[in-house]
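Listed below, chain by chain, are the residues.
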Amino acid sequence: MPEYDVFVSHAWEDKEEFVDEFVDELRKLGVKVWYDTSEIKWGDSMSKLYPR
């Protein structure tokens, strides 16, 4: 299972206006970011992808 430095939690309406760019900048700095659009797809089960 991959490890991350940060988990980005956000409001959906902030995604295009702020969060996408924020995550890109963190990654440019070498931060390992868990961000929903790159880690899960529509319909994926979080419990199956990331079991306890």
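Whatever comes next refers back to the structure up there.
Reading the values: rules and limits
- Residues numbered from 1 in each chain as written.
- Predicted model: local features only at pLDDT ≥ 70, side-chain atom pairs only at ≥ 80, totals over all residues.
- Heavy atoms only, no water.
- Phe/Tyr/Trp six-rings, centres within 6.5 Å; stacked < 30°, edge-to-face > 60°.
- Helix = DSSP H or I, 4+ residues; strand = E, 2+ residues; numbered from the N terminus.
- Buried < 20%, exposed > 50% of the residue type's maximum accessible area, 1.4 Å probe, protein only.

**Concerning the packing of aromatic side chains**
1) Next: Scanning the entire structure with this criterion turns up two aromatic pairs.
2) Next: Each ring, one from F7 and one from W34, has its centre 5.0 Å from the other, and the planes form 25°; the classification is stacked. In this pair, F7 is assigned in strand β1 (residues 6-7) and W34 in strand β2 (residues 33-34), connecting sequence segments 27 residues apart.
3) Next: Take F7: its relative accessible area is 57%, and that puts it in the exposed class.
4) Next: In this structure W34 comes out as buried when scored by relative accessible area, which is 8%.
5) Next: Aromatic pair F18 and F22: ring centres 5.4 Å apart, planes at 15°, arrangement stacked.

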